[in-house]
There are 2 protein chains.
Amino acid sequence: MTIIMHDLAGADPMLRFSPYCWRIRFALAHKGLPVETIPWRFTDKAAIAFSGQGRVPVIRDGATVVSDSWAIAEYLDAQYPEPTLFGGATAQAHARFINAWADGVMLGGIARLILCDIHDMIDPVDRAYFRQSREARFGMTLEETQAGRETRVEAFRESLLPLRVVLRAQPWLGGAAPSYADAIVAGTLMWPRCCSRFPVLAHDDAVAAWFERMLDLYGGLGRNALRVAA
Amino acid sequence: MTIIMHDLAGADPMLRFSPYCWRIRFALAHKGLPVETIPWRFTDKAAIAFSGQGRVPVIRDGATVVSDSWAIAEYLDAQYPEPTLFGGATAQAHARFINAWADGVMLGGIARLILCDIHDMIDPVDRAYFRQSREARFGMTLEETQAGRETRVEAFRESLLPLRVVLRAQPWLGGAAPSYADAIVAGTLMWPRCCSRFPVLAHDDAVAAWFERMLDLYGGLGRNALRVAA
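Below or above, wherever it landed, is the structure these notes cover. Each chain carries its own residue numbering, running from 1 in the direction its sequence is written. A letter from A marks each chain and a number from 1 marks each ligand, given out in the order of writing. Per-residue local features are limited, in this predicted model, to residues with pLDDT of at least 70; the limit for side-chain atom pairs, both in listing and counting, is 80 or more; totals at the level of whole chains, interfaces and linings are taken over all residues. Computation of side-chain values: all heavy atoms of the structure, hydrogens and water removed.

Quick notes on the pattern of salt bridges
Within this document, salt bridges are pairs made up of a side-chain nitrogen of Lys or Arg and a carboxyl oxygen of Asp or Glu, the two lying within 4 Å of each other. Counted according to the given criterion, the structure contains 26 salt bridges over all chains. Note that A:E154 is salt-bridged to A:R157, the shortest N-O span being 3.4 Å. Taken as a pair, A:E154 and A:R157 lie in helix 6 (residues 149–159) at a separation of 3 residues, close to a single helical turn. Note that B:D7 and B:R16 form a salt bridge whose closest N and O atoms lie 3.1 Å from each other. Owing to a relative accessible area of 10%, B:R16 belongs among the buried residues under this scheme. Numbered from the N terminus, helices here are DSSP runs of H or I no shorter than four residues, and strands are runs of E no shorter than two. The cut-offs for exposure are 20% and 50% of the maximum accessible area for each residue type, with area from a 1.4 Å probe on protein chains only; residues under the lower value are buried, those over the upper are exposed, and the others partly exposed.

What to know about the interface of chain A and chain B
Note on contacts: a residue pair is in contact if any heavy atoms of the two residues lie within 4.5 Å. Listed per partner, the contact involves 25 residues of chain A and 25 residues of chain B. Taken together, both faces of the contact between chain A and chain B bury some 2,100 Å²; the carbon and sulfur share is 74%. Once two parts are brought into contact, the accessible area they lose, counted with a 1.4 Å probe and summed over both, makes up the buried area. In terms of surface lost to chain B, no three residues of chain A exceed A:H94, A:R96 and A:F97, which account for 33% of the buried area on that side. For the interface between chain A and chain B, the tally reads 0 salt bridges. What qualifies as a polar contact is a pair of N or O atoms within 3.5 Å, subject to a donor-acceptor requirement within protein and to the restriction that residues adjacent in sequence count only when both atoms come from side chains. The tally of links between chain A and chain B comes to 8 residue pairs in polar contact (both at pLDDT 80 or more). At the level of elements, helix 3 (89–121) and helix 7 (161–169) of chain A are the ones that each hand at least two residues to the side of chain A that touches chain B. No other element matches helix 3 of chain A, which puts 11 residues into the side of chain A that touches chain B. Under the convention adopted here, Pro, Cys and the residues Ala, Val, Leu, Ile, Met, Phe, Trp and Tyr are nonpolar, Asp, Glu, Lys and Arg are charged, and Gly plus all remaining residues are polar. A breakdown of the residues in the side of chain A that touches chain B according to their chemical character gives 16 nonpolar, 8 polar and 1 charged.

A look at the sheet that holds strand 1 (residues 3–8) of chain B
Residue and element names in this part refer to chain B. In this analysis, strands are considered paired if DSSP registers two or more bridges between them. Spatially, 4 strands are ordered 2-1-3-4 in an open sheet, and the strand pairing comes out mixed. Because the sheet does not close on itself, it has two edges, and the strands there are strand 2 (35–40) and strand 4 (64–67). Between one strand axis and the next, the sheet turns by 20° as a mean value, whatever way the strands run. Where strand 3 (residues 58–61) and strand 4 come together, 4 bridges link them in antiparallel fashion. In the strand pairing of strand 4, I59 is matched with V66. Packed onto the sheet, helix 1 (residues 19–31) meets strand 1, strand 2 and strand 3 and runs at close to 150° relative to strand 1. Packing of helix 2 (residues 69–79) onto the sheet brings it into contact with strand 1, strand 3 and strand 4, and relative to strand 4 it is tilted by some 140°. Axis angles are defined between N-to-C directions and span 0 to 180 degrees, where every axis is a line fitted to C-alpha atoms and, for a helix, only to the segment in contact.

Side note on the relation of the copies chain A and chain B
When chain A is fitted to chain B, the best match, at an RMSD of 0.0 Å, comes from turning it 180° and sliding it 0.0 Å along the axis. One copy is carried onto the other by what is essentially a two-fold rotation axis. Closest to the rotation axis within chain A is the C-alpha of A:A91, separated from it by 1.8 Å. Take the interface residues of chain A: 100% of them recur as interface residues in chain B, which is what a same-surface contact looks like. Least squares is used to superpose the copies, and the fit set is the C-alpha atoms of residues whose pLDDT is at least 70 in both copies.

Overview of the sheet that holds strand 3 (residues 58–61) of chain A
Residues and elements named next belong to chain A. Across the sheet, 4 strands lie side by side as 2-1-3-4; this open sheet has mixed pairing. Single-partner strands in this sheet number two, and they are strand 2 (35–40) and strand 4 (64–67). If you compare each strand with its neighbour and ignore which way they point, the axes differ by 20° on average. Packed onto the sheet, helix 1 (residues 19–31) meets strand 1 (3–8), strand 2 and strand 3 and runs at close to 150° relative to strand 1. Together, strand 1, strand 3 and strand 4 form the strand contacts of helix 2 (residues 69–79), whose direction differs from that of strand 4 by roughly 140°.

Section: the environment of A:R197
Residue and element names in this part refer to chain A. Mapped onto the elements of the fold, R197 is located in the loop between helix 8 (180–195) and helix 9 (206–220). Overall, the relative accessible area of 43% leaves R197 in the partly exposed class. Setting aside residues up to four positions removed in sequence, R197 forms contacts with R227, V228, A229 and A230. A distance of 3.0 Å separates a polar atom in the side chain of R197 from the backbone oxygen of V228.

Section: the layout of surface pockets
Size it by volume and the largest pocket reaches roughly 860 Å³. Of the grid points, spaced at 1 Å and generated over the protein atoms alone, those admitting a 1.4 Å probe that cannot get out make up cavities, while open sets with protein on both sides within 12 Å along at least five of seven lines make up pockets; any residue with an atom within 4 Å of a point is treated as lining. B:Y20, B:R55, B:L107, B:R134 and B:R137 are the residues nearest the centre of the largest pocket, which is lined by 35 residues in total. Contributing elements (two or more residues each) for the lining of the largest pocket: helix 1, helix 2, helix 3 (89–121) and helix 4 (124–138) of chain B. If one sorts the elements of the lining of the largest pocket by residue count, helix 3 of chain B sits on top with 11 residues. Here the lining of the largest pocket is composed, by residue class, of 19 nonpolar, 7 polar and 9 charged. Grid points are joined across faces, edges and corners, and a volume is the space filled by probe spheres set on the points. Within this model, the second largest pocket holds a volume of roughly 520 Å³. Surrounding the second largest pocket, 24 residues form its lining, A:Y20, A:F42, A:R55, A:R134 and A:R137 being those nearest its centre. Residue assignment for the lining of the second largest pocket shows that the elements contributing at least two residues are helix 1, helix 3 and helix 4 (124–138) of chain A. Per element, the largest residue contribution to the lining of the second largest pocket is 7 residues, and it comes from helix 3 of chain A.

Next up, the structure:
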C-alpha cells in the first residue's frame, strides 16, 4: 500500500523544502517504499488535525498515522525492517545524537542564513504566520536574521567540523553504506538547497562532496527536486 | 595477558587526566579486560617512541602496539568482540561522529575553562612545554584562555544540547546500555573532573545525572579516580 505523506510546500506546490520531511523522503527511498505526497502549508492545521498535532511530516500507512520525523523513522524501520535504516539498536541510539545535533546546530545555523529567502518562496497565505513566529523565536526581524550572511556563513561551515572529520574517514555517515544518519543530514541540507540560492557549503568541503553523492541516490531524488528560481 | 597502557599523569603519578586515555580506560573496563597503566608525562617522548608517535594512549597487548584512542577502541572491539563496545558496523560509523563532536566541541570548550588548572597540576618538567604549546595553539596566554570562565561556562553548557536531548530520551548514549559513545563523552568529562575543581556541568543537567551514573560503572572506576585537591 502506498504511504501518504503530508509534505511542506512553497507557493509553488512542487517546491518541497522541509528538512524534517526530506529526512523521511530519503528514509522511504532507502527502503524502496512508494509514497504519495500531499502539499501542505504552515497554516493548514486543519488538514493534519487527524494526527493530533500541527506539524509535518505526517504519514498515513494504511490505518496507522505517525508524526514527527524521528518517530516516523523508528516506525518505518520496525514495520519494514529490510533494508535497515538504523542498522540495529545501538546504531539507532547513536543516530539520535546526530539527529539532535542536526536539529540544534545545523537547523539554527541555516535558519540565520535563509529565513528571508524562505519567506519569499512560501505561499502568501503563510507569510504573516511565518514572519510572526520566526521573529518571535529569533528575537529580531527576518531581515536582521539574514543580515551579514556572506561573512557569517563561515562560522556555520566551521560548525560542520564533526561531519567533515567523519566524511574524510568513511564514505557515508552510516559507514560503508548510507543509514538514517545520512538521511538526517542530507534532509537538513535539502532545506537551503530548495528554498534559497545562497550557498551554505563551500565547494571544496568534504561535506559538499558527500552531499553531491546523496543527491544522486535513489534515482536522483534530491538532485531532481525543484529548487527556487535563481 | 594484561594489557599495558601508557597513561598521562600529573605531578602526582596517580593523577590520570587525559580525556583520550579515559575513553580507553572505560572501554577496557566495559570489556572486563585487565590493564596495567604506566604513568607518562607530556615530554617523555622517548618512553613511547616504540609506538612510532608521541601521544598517549598507547597500548601494548602482547606483541601488538596500538596508539590513538579511536584506533585502540577499534582494535579492542575486533580482538575481543564480547561484550561489544560499538554495537556493530553502523553503530561504529555513527559513534565516529560522536567522537569527532567530542574532540571538536567538548575538548575545545573545556580547554578554555581549565588550562591554567592543568598547568598547575602537571609535573614541573612538563610545564614549559605545556605553556608554550597551548599558548601557540590558542593564540593567547594560559591565563587569558581561562579568564571569565564563570560567565563563559554557560556557552559551554549550551553546546552540550545534543547530549541533553539524547539523555532525556534514553538512559545511555548507547541506548539501553552503555556503548563506546558513553566512553567517549564520559572520558572527555573525566578530564576536567580530575584536573580541576571548576564545575563544567550544572548540577540539574541531564548530562550531569548521566555522568554520575557513568562514574559508578565498573566498580566506581571514574568516581574513585584521584582528583586534584580542592
